[in-house]
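# Coordinate analysis (summary)
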Amino acid sequence: MVRELKFLAALWKINIASAMEYRIAFLSQSIGMILNDGVYFLVWIIFFDRFNNIRGWQLTDMFLVFGVSAGAFGLAGMLFGNTFNLGDIIINGRLDYYLSLPRPTLLHVLASRTVPSGFGDFLYGFISYFASGQFSFGGLGRFVLALLLATIVFVSFLVIIQSLAFWLGTGGTLTGIAINAMITFALYPITLFNNAAKLILFLIIPAAFMGAVPAGFVRGFSWYLLGQMTLASFSFLALAVFLFHLGLRRYESGSAIQVEV
Amino acid sequence: MKKYLAIFKINLLNSLAYPAEIATRSGMILVFMFVFFQLWYVTYTASGLQVLNGLTLRDTMWYLLLAETLELGRPRLARVISQQVKDGSIAYLLDKPYDFMLYQLGIGLGESLPRMGILFIIGGILVWALAGAPPDLQNWPLAFLAFSGAWLLHFCVNGLIGLAAFVAEEVAPFEWIYQKLVFILGGLLIPLDFYPAWLQTLSKFLPFAYMMYGPARLFVRQDIQLFIQIIIGQLFWLALLGGLLALTFARGMRRLAINGG
């Protein structure tokens, strides 16, 4: 375990050094993403200025939901950047490189890339939390914990979806839809949806664990919500690892010469 | 003009060769329209009114459908051009006997038309089922004209962002922020009718409302005065942004340095 953590730390260090090689592009993407998220949030400010609340949800709740969702999205991009293109890696036979090395394949492939704009999303998550007017040191601790668990759910969900590439042979389109569905559902008040839709958002597209549930936990400590988030994150993680390794047995490639940079 | 028509036809046929692929990619509009319906259904129900700011729930949903069709269906020209500038492949297009920007227009239209058609049909079926029948057919011609003008405005701005690659290392942040400004000031997620008066006034002086709100609003309510306003606004911004695009392209050509081949 310690060995793998050291390996991860080494990968992240290299990724950051590599991203900083193009400093202007890195900074412009990070700052650009913070502005992008901020401008996007104006929609909710305008909406709640006109309608006040949606079945009990107010602007403060949206700040928290945006904070957790953007933070988790950003953290996934920063630490596990290949989460967003695992399907393409599988289809194009680029797993060969990782399989030939004595390290856990899934961990290695996911952590081998950093998405520079992820830093912007991650920082925006904290800005949104501070802007919510709910700041307290306990709240900040809960926010960080919720962010970590939401990131596990998000990364695991994308690994599950993209592991289907082992069987289906397609990647990009499904991934795009999965990411968009997860983010869209996570960023809207959960009170909008009826019980059937909520069941989907908890069990099939686990957007509730990237938005509403962690936001509720940040608002106030609850063993019930913490238990839900922990159970969800470890269940989805276990399923992701299981499916990826099950699919790996079917993996085939044309032994093309690939260069991983 | 014939050569551009031929380029358009080739790309149209190319796109139509894979209708299933377009339909799968277009599936995202179902998620968006479902979430929008939940949001606005709850909002209208909570208000207890049939008509809010001049729009019924059905109007709002068809407005959002047209706006999303344009947003999801327009070509991602900025990415294409910036990539061509960065990797130098623009050199292979510049020595051909056609105007570079008109060539891009032909390609963009050829790719965009089938995508927008399928988006509208798939999303329309869902909106019809959820909110009711589409707007009166007599609204369609004026909306179509404004829709075409909006598409051209998007083309000009995207072209400008793509050409910014001549001077900027990374243009993606410009594209994100431009997209979010369209979201807010164009009324993509909330019709401008629901905005505070000062923001509605401000949006009239900017191009974004003519790129999104105009055609979507004309689609749900026939309003000759609004149509004239929208068309005049679109012509003004087309002249300004089109001129700027031609100027930027000419200046970019002077800065272009191609090494080897």
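Residues numbered from 1 in each chain as written. Chains lettered and ligands numbered in written order. Predicted model: local features only at pLDDT ≥ 70, side-chain atom pairs only at ≥ 80, totals over all residues. Heavy atoms only, no water.

## What about the overall build of chain B?
The number of helices and strands found in chain B is 13 helices and 2 strands. On C-alpha atoms alone, chain B measures out to a radius of gyration of 19 Å, which is about the 18 Å that the 2.2 N^0.38 rule sets for 261 residues. Split into buried and exposed, the 261 residues of chain B put 54% on the buried side. Look at the contacts in chain B between residues 6 or more apart in sequence, and 79% of them connect residues 24 or more apart. (Helix = DSSP H or I, 4+ residues; strand = E, 2+ residues; numbered from the N terminus. Rg over C-alpha atoms; globule rule 2.2 N^0.38 Å. Buried < 20%, exposed > 50% of the residue type's maximum accessible area, 1.4 Å probe, protein only. Contact = heavy atoms within 4.5 Å.)

## Details of the pattern of salt bridges
Residues and elements named next belong to chain B. Under the defined criterion, the tally for this structure stands at 8 salt bridges over all chains. Across the salt bridge formed by Lys-96 and Asp-95, the nearest N and O atoms sit 3.4 Å from each other. Taking the shortest distance from any N to any O, the salt bridge between Arg-217 and Asp-193 comes out at 2.9 Å. With a gap of 24 residues between them, Arg-217 in helix α12 (residues 213-220) and Asp-193 in the loop between α9 (172-185) and α10 (197-204) connect regions that are remote in the sequence. (Salt bridge = Lys/Arg side-chain N within 4 Å of Asp/Glu carboxyl O.)

## Digging into the packing of aromatic side chains
This structure, assessed with the given rule, holds 47 aromatic pairs over all chains. Here the aromatic rings of Trp-44 of chain A and Tyr-188 of chain A are separated by 5.1 Å at their centres, their planes lie at 75°, and the arrangement is edge-to-face. Placement of Trp-44 of chain A in helix α2 (residues 23-51) and of Tyr-188 of chain A in the loop between α10 (172-186) and α11 (195-203) is noted, with a sequence separation of 144 residues between them. The buried category is assigned to Trp-44 of chain A, whose relative accessible area is 4%. Each residue in the set Trp-44, Phe-47, Phe-48, Phe-51 and Tyr-188 of chain A together with Trp-40, Tyr-44 and Phe-194 of chain B is aromatic and connected to the rest through ring pairs, giving one cluster. The cationic tip of Arg-219 of chain A hangs over the ring face of Trp-57 of chain A; the distance from NZ or CZ to the ring centre is 5.9 Å. The ring of Phe-183 of chain B carries Lys-180 of chain B above its face, with NZ or CZ at 5.2 Å from the centroid. (Phe/Tyr/Trp six-rings, centres within 6.5 Å; stacked < 30°, edge-to-face > 60°. Lys NZ or Arg CZ within 6 Å of the ring centre and 35° of its normal.)

## Side note on the interface of chain A and chain B
Residue-level contacts link 32 residues of chain A with 31 residues of chain B. For the pair chain A and chain B, the summed buried area comes to about 2900 Å², and 79% of that belongs to carbon and sulfur atoms. Taken together, the links from chain A to chain B amount to 0 salt bridges. At the junction of chain A with chain B, the criterion picks out 3 residue pairs in polar contact (both at pLDDT 80 or more). Broken down by secondary-structure element, the contributors of at least two residues to the side of chain A that touches chain B are α2 and α10 of chain A. (Buried area = accessible area lost by both parts, 1.4 Å probe. Polar contact = N/O pair within 3.5 Å; in protein donor to acceptor, adjacent residues only side chain to side chain.)

## Some words on the packing of helix α3 (residues 59-79) of chain A against helix α8 (residues 137-163) of chain A
Residue and element names in this part refer to chain A. Where α3 contacts α8, the axes come no closer than 8 Å and their chain directions differ by 60°. Compared by their axis directions, α3 and α8 come out oblique. α3 and α8 meet at a crossing whose hand is right-handed. Here Gly-67, Val-68, Gly-71, Ala-72, Phe-73, Leu-75 and Ala-76 of α3 come into contact with α8, specifically with Phe-143, Ala-146, Leu-147, Leu-148, Ala-150, Thr-151, Phe-154 and Val-155. Residues that form the contact of α3 with α8 fall into these classes: 12 nonpolar, 3 polar and no charged. (Axes fitted to C-alpha atoms, helices over the stretch in contact; angles between N-to-C directions. Parallel < 35°, antiparallel > 145°, perpendicular 65-115°, else oblique. Left-handed = near helix turned anticlockwise from the far one by under 90°. Nonpolar A, V, L, I, M, F, W, Y, C, P; charged D, E, K, R; others polar.)

## Some words on the confidence of the model for chain B
Looking at chain B, pLDDT values average 92 and 98% of them are 70 or higher. Here the complex is predicted with pTM 0.91, and the ipTM for its interfaces comes to 0.87. (pLDDT = per-residue confidence, 0-100.)

## Regarding the environment of Leu-57 of chain B
Residue and element names in this part refer to chain B. Tracing the backbone through its elements, the reader meets Leu-57 in helix α4 (residues 57-73). The class of Leu-57 is buried, set by a relative accessible area of 17%. Placed 176 residues apart in sequence, Leu-57 and Gly-233 show a C-alpha to C-alpha distance of 27 Å. Each residue touching Leu-57, except ones within four places of it in the same chain, is listed here: Phe-37, Trp-40, Tyr-41, Tyr-44 and Gln-50.

## Re the nonpolar core
One recurring pattern in soluble globular proteins is that nonpolar side chains are buried together. Core analysis: the biggest nonpolar cluster contains 173 residues, and Trp-44 and Leu-95 of chain A together with Trp-40 of chain B have the highest contact counts within it. What Trp-44 of chain A contacts, discounting residues up to four positions off in sequence, is Ile-54, Leu-59, Met-62, Phe-66, Leu-187, Tyr-188 and Pro-189 of chain A together with Leu-39 of chain B. Among the nonpolar cores identified, the runner-up in size contains 5 residues, and Ala-19, Phe-26, Leu-75 and Phe-119 of chain A belong to it. (Core = buried A, V, L, I, M, F, W, Y, C linked by side-chain atoms within 4.5 Å.)

## Overview of the layout of surface pockets
All names here are of chain A. Here the second largest pocket defines a volume of roughly 640 Å³. Looking at the second largest pocket, it is lined by 24 residues, and the ones nearest its centre are Leu-8, Phe-80, Leu-107, Ile-152 and Leu-237. Among the elements of the structure, α1 (2-21), α3, α6 (105-110), α8 and α13 (223-248) are those that each provide at least two residues to the lining of the second largest pocket. When residues in the lining of the second largest pocket are grouped by element, the largest group, 6 residues, is from α8. For the lining of the second largest pocket, a count of residues per class yields 19 nonpolar, 4 polar and 1 charged. (1 Å grid on protein atoms, 1.4 Å probe; cavity = no way out; pocket = protein on both sides within 12 Å on 5 of 7 lines; lining within 4 Å. Points joined across faces, edges and corners; volume = space filled by probe spheres on them.)

## Concerning the side chain of Thr-105 of chain A
Among the secondary structure elements, Thr-105 of chain A is positioned in helix α6. Those residues within four positions of Thr-105 of chain A in sequence are excluded, and the remaining contacts are Leu-95, Tyr-98, Leu-99 and Phe-244 of chain A.

## Let's talk about the confidence of the model for chain A
Chain-level pLDDT for chain A is 92 on average; 97% of the residues reach the 70-or-more range. Across chain A, α13 of chain A holds the top mean pLDDT of 97, while α10 of chain A sits lowest at 87.

## Looking at the environment of Gln-234 of chain B
Residues and elements named next belong to chain B. Examined against the element boundaries, Gln-234 turns out to sit in helix α13 (residues 224-255). For Gln-234, a relative accessible area of 3% puts it in the buried group. Spatially, the C-alpha atoms of Gln-234 and Leu-160 are 17 Å apart, while their sequence positions differ by 74 residues. Aside from chain neighbours lying at most four places away, what touches Gln-234 is Leu-145, Ala-146, Gly-149, Ala-150, Leu-153, Tyr-210 and Pro-215.

## Re helix α1 (residues 2-16) of chain B
Residues and elements named next belong to chain B. Between the first and last C-alpha of α1 there are 21 Å, a value that for 15 residues agrees with the 21 Å anticipated at 1.5 Å per step. Listed as buried for α1 are Tyr-4, Ile-7, Phe-8, Asn-11 and Ser-15. In a view along the axis of α1, the buried residues occupy a sector of 100°, so they form one face of it. Of the exposed residues in α1, those oriented more than 90 degrees away from the buried face are Lys-2, Ile-10 and Leu-13. Structurally, α1 contributes buried residues whose contacts are with α2 (19-26) and α7 (100-131). (Expected span 1.5 Å × (residues − 1). Arc of directions from axis to C-beta.)

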